[in-house]
Structures are given as C-alpha cells and as structure tokens.
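Spelled out, the chains give:
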Amino acid sequence: MKLKLSGSLLRPTIRKELIFGVTSVHAVLMLIFIVGLVTRQHSFLLERARERTLHQAELLAASAAPQIISKDLAGLSEVVDSLSRDPTVRFAMLTDVRGLILGHTDPKHSGEYLRDEISRRQLSQPARSSIVYQGRDMVESVAPVSIENTVLGWAWVAADLRENNQQVAAVTRAGILNACLAVAAGMLFALLLAASLTRQLRLLLEGADRMAHDNFDQPVPLVSSNEVGVLTRAFNRAMRKLRSDRAAIEKAHAELQAANQAIQHANDNLREFAHVASHDLQEPLRSVAGFSELLRRRYKGKLDDQADEFIEFINAGTIRMQNLIRALLEYSRATASGADPIQPVDSGAALRIALDNLNTAIHSTGASIQTLDLPTVKAHEIAVVQLFQNLISNAIKYSKDHPLIQISAERDQAYWKFSVADNGIGIDPHDQELIFHIFKRAHGDQYPGSGIGLAICSRIVERYGGRIWVEAAPGQGSTFYFSLPAAPE
Ligand code: ADP
C-alpha cells in the first residue's frame, strides 16, 4: 500500500522546506553579490572617468598656455580639437579668466561667455584643478592655465558617462542571469538532497502505517545509513519485538480461553451435579420423612420413651436435611449462567419487588425501611431483587426489637456501591468473611436458616464483576455493601 504523504499543497514537508530554504539562501546570497558587484563596478568606472577628465583638463591647460599668451586663437582651436577625437569626451574648451570661450570642440561656442551658475562660480575660485560638475551622464573637470602663478585662463573637459552606464547595465544583466542560473542550480540540488534525505523517511512512514494496520511482517527497507537509517534499524527491531510479543500474547490468550472454557465446563458440570444430586435426593428423603412421620403417628406412646425420642430425632434430622437440600437446589439455580443478556436495571424498582415479597415479614416485625433514590445498574432484574431480598430478610431476621433498615447507593468509578444497614445483633469480626461461604452461619440455631443466602448473594455480584462485604460489630448492627456495574448514562 502506498502511503499518501502529500495532502495539501500548503502542508509543510521536509522536501518543501529544504527547497524553499536552499533556494532562498541562494537568492539572498546572489542578490548581495550582484548589488556589491554592480556598485563596485559603477564607482570604479566613475572614479576612472573623474581622474581621466581631470588629467585631460590639466594636459589641455598645459598645452594651451603658449597659445593663450600669444593670443593664437587658431592654435587654441587646434589644441582643443585634438580632444574631440576621444569618444569619451563630450566637449572641451578653453576660456580666459573672465569666462570668454577662446576655443571649443563645438566651434560655434567660440567667442561666447560662460553663463551658467556653476562655471561662473568656478571662475572666482582659487586656481587649482577640480571636478566642477558630476551628473548621471556627465562629469566635468577644470584646470587653470597658468604661468608662474599667473592665471591666464581655464581648460574645461567634460566626459560622457553614457558608455559607463551601459557597461554597468551589462554587468547588472549578466549578474541577474547568473543569479537565476545559480538559484535554479540550488533548487535542483535541494530537490536531489530532499529526495535522498526523505526517501528513508518515507519508507519509515510507510512501515509505521503498515504497523498501525497490524502488519508486522514486512520490515522497512534500509536505504540510508544516516540518523534516519539508524532510526529505521531501531524501528525494525521494535517491530520484530512486537511481532514476537504479539505471538506470545496470542498464545497466552488462546491458552486462557481454553482454560476458561475448561473452568466453565467444570462449573457447569458441578452445578448440574449439585442440581441433579439435590433434586434426586429429595425423592428418597421424602419417603424417609413420610415413613418416619407414619412411625411417629402410629407408634408414639406405644413403644418405650427412648423409642419416641429416637423417632423425634429421625423427624428433626429429615426436616433439616430437606431444608439443606432445598437450599442447595436454590443455590445451584442462582448461580446457573442465565442466557438473558445483561441490561440496564432500575435498582429502585427491583427493591420495590423485593419489599413486596417480604411484605409479611416486614409487617409482622414492624420493620421500618428507609431508602434514597437508587440508580440504574447493568445486571438482571431477578438477580438484583434476590440480592435485596436476601439482605433485607437477614436484616429483619437478625434484629433486636424494631428493625430499622437503611438502603442507599453511591457511585464508585464504574460501579454503584449499595449499602443495606440494620440496627440488629451485628457480627463478630472473625465471622465477617466466613458468612459468605455456603452453609456457614455465625449465630447458631436460635435463628432459623440454612447458611445459603449470603453465598447466593456473593455468587450473584461476582457474576457481574462486583463484590460484597460487611462492616459490623457485635450488638451494634451490620452494614452489608455490594457493588454492581453502573449502566451507561
Ligand atoms: P442464613 O441466614 O440462612 O443463616 P445467610 O447466608 O443469609 O444464611 O447468612 C449467613 C450468616 O450470616 C447468618 O447465619 C448470620 O449468622 C449472619 N448474618 C447474615 N445477615 C446478618 C445480619 N443482618 N446481621 C447479623 N448477622 C447476619
């Protein structure tokens, strides 16, 4: 199965981050480099143009001095003309100290006066060479024509910077082209790097996805030895361990299931045995009881006193045995696993049924029952009725004068904890565990009973995963607690 790693275009991935990162770094570096290069180139060319015009102005001034002295205008024009052949010179001229143009590369200006502000200001400056004007397209220099500290005039040379500008533009264009190439190369490099870096990662993610779908059999192929490769190796080890653990768990689970089935089977057998035995024993016992009753009625007072006493013993014994067998039958029925599904049961309604069933005992003893709102639990209604019935009938039976019974429930995590409290004779701490075992009793024969009720209660709560216990002290009443799973709200 192919794992989908590219969801939305906007979702960040290592590949995208790498490409973006490397490309941005390249672009920024190239920008810095081009701006630096162009600026350097521009200032270099400008500086060269400035030096050259200055030099040319000084040369012009030096070569024009004799002609100015001799007022040789034709000679001056020739000197100036020599510069017009230089393509970098836009114009050159010679003026006298007042600004009268004596010679110009454009002859039509000869005889004019310099009128512009910059030039006129220069005429009043001390006699030394300088740059008079520097613009985008032109730089102009001036040098004094002097002999023995006497200024005779000025030589002016203006250089054309357009060619310089063209050169700078060409350098800029070449720089941008190279930058684009470098950025493209960076992008390609990032793509290759991302592919090699993320390949192992993608395989690892596919492996994790397989593992999430319970497939532990196919290890992740190892295509790299970097940190992701090390992680992949660890992942494969974990996968192998999980596979073997899972096999062990499955084996243990199967064994547990088999054991459970065996226990269930044994329990069923035992229950069936208890049922059959108690059921089948009833028949011969009924005959024994019938005949001993017959014996009592027919021969009472006709044999000697001891014979009467023996017959009474036989009668009492058979009655006790009948009670025990009935209790055993009841117990085997209570613990039989019912086929009905476990459902939400209103424990308040179950309590009302139990109280109805105990109506006679409640009235004859004047028992007072107090109860709060009771919750809904997950169980069978008949089982909850049986629990309340057994505990309340015990609370009535093992009471002093006026039984007072309080029933309530409180939440304990996933369970409801019920309590049935009485003001009866209480129970010795030594017997408090024992009484939940079958046929075990704590108070001797002055109270009727077979010792089966609490054993039944215990089996019932265990069946629903709950538990039952008692808190009591002799003479101070008892509180029986039991827990049942809470029904979902
Ligand atoms: P039975 O009541 O038939 O003897 P149970 O299994 O219901 O059987 O009770 C076991 C024993 O626990 C009783 O014999 C009695 O000694 C003790 N017992 C049960 N409930 C109470 C109670 N509410 N107060 C005091 N003792 C109790």
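### Let's talk about the overall build of the protein chain
So, point 1. Helix and strand content of the protein chain: 10 helices and 12 strands.
So, point 2. Whereas a compact globule of 489 residues would reach a radius of gyration of roughly 23 Å, the protein chain reaches 59 Å, over 25% beyond that.
So, point 3. Considering only C-alpha atoms, the protein chain reaches an extent of 190 × 55 × 35 Å along its principal axes.
So, point 4. Out of the 489 residues belonging to the protein chain, those deemed buried represent 38%.
So, point 5. Put simply, 65% of the contacts in the protein chain that link residues at least 6 apart link residues at least 24 apart.
So, point 6. Carbon and sulfur atoms provide 58% of the accessible area of the protein chain, an area that totals close to 29600 Å².

### What about the pairing of strand β5 (residues 150-160)?
So, point 1. Here β5 lies mainly inside the structure; 8 of its 11 residues are buried.
So, point 2. Direction of pairing for strand β1 (residues 89-96) relative to β5: antiparallel, over a ladder of 7 bridges. Among the inter-strand pairings, V89 is bridged to a residue of β5, identified as A159.
So, point 3. Two strands pair when backbone bridges link them, and strand β4 (residues 138-147) and β5 are joined in this way by 10 bridges, in the antiparallel orientation. Paired with P144 across the two strands is W154, which belongs to β5.
So, point 4. Where β4 folds back onto β5 in an antiparallel hairpin, the turn is made up of 2 residues, including E148, whose phi is positive at roughly 45°.

### Overview of the sheet that holds strand β9 (residues 404-412)
So, point 1. Read from one edge of the open sheet, 5 strands run β7-β9-β10-β12-β11, paired in mixed fashion. Each end of this open sheet is capped by a strand with a single partner; those strands are β7 (368-371) and β11 (468-472). On average, adjacent strands in this sheet sit at an angle of 20° to one another, irrespective of strand direction.
So, point 2. Inspection of the sheet shows β9 paired to strand β10 (residues 415-421) by 7 bridges, in the antiparallel sense. Within β10, the residue paired with I407 across the bridge is V420.
So, point 3. Helix-sheet contacts for helix α10 (residues 453-463) involve β11 and β12 (478-485), and the interaxial angle to β12 is about 30°.

### Some thoughts on the sheet that holds strand β2 (residues 101-104)
Adjacent strands of a sheet form backbone hydrogen bonds with each other and so pair up, either parallel or antiparallel.
So, point 1. Spatially, β2-β1-β5-β4-β3 is the arrangement adopted by the 5 strands of the open sheet, whose pairing is antiparallel. With one partner strand each, in any of the chains shown, β2 and β3 (130-134) form the two edges of the open sheet. The mean angle between the axes of side-by-side strands here comes to 20°, regardless of whether they run parallel or antiparallel.
So, point 2. Here β3 runs beside β4; their pairing, made up of 4 bridges, is antiparallel. In the strand pairing of β4, Y133 is matched with E140.
So, point 3. Of the strands in this sheet, β1, β2, β3, β4 and β5 touch helix α1 (residues 14-69), which is tilted by about 30° from β4.

### Describing unusual backbone geometry
So, point 1. Backbone geometry at E148 places phi at a positive 45°, although glycine is not the residue there.
So, point 2. Along the chain, the position of E148 falls in the loop between β4 and β5.
So, point 3. E148 gets classed as exposed once you look at its relative accessible area, which sits at 74%.
So, point 4. Even without being a glycine, Q413 presents a positive backbone phi close to 55°.
So, point 5. Within the fold, Q413 resides in the loop between β9 and β10.
So, point 6. Look at Q413 and you get exposed, because its relative accessible area is 71%.

### A look at the packing of aromatic side chains
Aromatic ring pairs are defined here through the distance separating the ring centres and the angle between the ring planes.
So, point 1. Inspection of every chain in the model, using the stated rule, returns 6 aromatic pairs.
So, point 2. Taking the centre distance of 6.1 Å and the plane angle of 70° together, the rings of F436 and F480 count as edge-to-face. Pair noted here: F436 is in the loop between β10 and α10 and F480 is in strand β12, with a separation of 44 residues, a long-range link. Each member of the pair, F436 as well as F480, carries the same accessibility label: buried.
So, point 3. Taken together, the aromatic side chains of F388, F418 and F482 make up a single cluster linked through ring pairs.
So, point 4. A cation over a ring is seen here: R467 above W469, with NZ or CZ 4.0 Å from the ring centre.

### Observations regarding the domain arrangement of the protein chain
So, point 1. As far as domains go, the protein chain holds domain 1 (1-213) and domain 2 (340-485).
So, point 2. Placing the centre of domain 1 and that of domain 2 at their C-alpha centroids yields a distance of 105 Å.

### Topic: the site of the ligand
So, point 1. In the vicinity of the ligand lie 20 residues, with N394, Y398, R441, H443 and L454 positioned nearest.
So, point 2. Between an oxygen atom of the ligand and a side-chain N or O atom of K397, the distance comes to 3.0 Å.
So, point 3. A distance of 2.9 Å is found between a nitrogen atom of the ligand and a side-chain nitrogen or oxygen belonging to D422.
So, point 4. Of all the secondary-structure elements, those providing two or more residues to the shell around the ligand are α9 (381-397), α10 and β12.
So, point 5. It is α9 that contributes the most residues to the shell around the ligand, 3 residues altogether.
So, point 6. Broken down by class, the residue content of the shell around the ligand amounts to 8 nonpolar, 8 polar and 4 charged.

### Regarding the packing of α1 against helix α2 (residues 73-84)
Angle between the axes and distance between the axes: these two values describe a pair of packed helices.
So, point 1. Running from amino to carboxyl end, α1 crosses α2 at an angle of 165°, the nearest separation of the two axes being 9 Å. Judged by the inter-axis angle, α1 sits roughly antiparallel to α2. Remark: the crossing between α1 and α2 carries right-handed chirality. Here Q56, L60, S63, A64, Q67 and I68 of α1 come into contact with α2, specifically with G75, L76, V79, V80 and L83.

### As for the nonpolar core
So, point 1. Judged by nonpolar contacts, the single largest core of 45 residues is most densely connected at F388, I392, F482 and L484.
So, point 2. In terms of residue count, α9 provides more of this core than any other element does, 9 residues in total.
So, point 3. In contact with F388, not counting residues within four places along its chain, are S347, A350, L351, A354, L374, I407, F418 and F482.
So, point 4. By size, the runner-up hydrophobic cluster in this structure holds 19 residues, among which are A61, V80, L83 and V157.

So, how was this worked out
- Position numbers for residues start from 1 in each chain and track the written sequence from start to end.
- Reporting of local features is limited, given that this is a predicted model, to residues whose pLDDT is at least 70; pairs of side-chain atoms are given and counted only at 80 or more, and all residues count toward the totals for whole chains, interfaces and linings.
- Where side-chain values are given, they derive from all heavy atoms of the structure, hydrogens and water being excluded.
- Numbering of helices and strands runs from the N terminus; a helix is a DSSP stretch of H or I covering at least four residues, while a strand is a stretch of E covering at least two.
- Radius of gyration here is computed from C-alpha atoms only, and the compact-globule reference equals 2.2 Å multiplied by the residue count raised to the power 0.38.
- Burial classification: accessible surface area is computed with a 1.4 Å probe over protein chains only, and a residue below 20% of its type maximum counts as buried, one above 50% as exposed, and the rest as partly exposed.
- For this analysis, residues touch if any pair of their heavy atoms sits within 4.5 Å.
- Shrake-Rupley sampling with a 1.4 Å probe provides the accessible areas, and residues are treated as covered by the protein chains on show and by no other component.
- The pairing criterion for strands is at least two bridges between them, as found by DSSP.
- A fitted line through C-alpha atoms represents every axis, and for helices the fit uses only the stretch in contact; the resulting angles, taken between N-to-C directions, go from 0 to 180 degrees.
- Aromatic contacts are taken between Phe, Tyr and Trp rings whose centres are within 6.5 Å, Trp giving its six-membered ring; a plane angle under 30 degrees counts as stacked, one over 60 as edge-to-face, and the others as tilted.
- Consider the ring centre and the ring normal. A charge sits over the ring if Lys NZ or Arg CZ is within 6 Å of that centre and within 35 degrees of that normal.
- Residue ranges for the domains originate in an automatic or database domain assignment.
- Near is defined per residue: the residue qualifies when any heavy atom it owns lies within 4 Å of the molecule or strand.
- Any N or O atom pair separated by 3.5 Å or less is treated as a polar contact, with the protein-specific requirement of one donor-capable and one acceptor-capable atom, and with residues adjacent in sequence counted only for side-chain atom pairs.
- Note on residue classes: Ala, Val, Leu, Ile, Met, Phe, Trp, Tyr, Cys and Pro are nonpolar, Asp, Glu, Lys and Arg are charged, and everything else, Gly too, is polar.
- Each angle receives one of four descriptions, namely roughly parallel if under 35 degrees, roughly antiparallel if over 145, roughly perpendicular if within 65 to 115, and oblique otherwise.
- Crossing handedness follows the turn of the near helix against the far one: under a right angle anticlockwise gives a left-handed crossing, and clockwise gives a right-handed one.
- Among buried residues, the Ala, Val, Leu, Ile, Met, Phe, Trp, Tyr and Cys ones that are joined through side-chain atoms within 4.5 Å form a nonpolar core.

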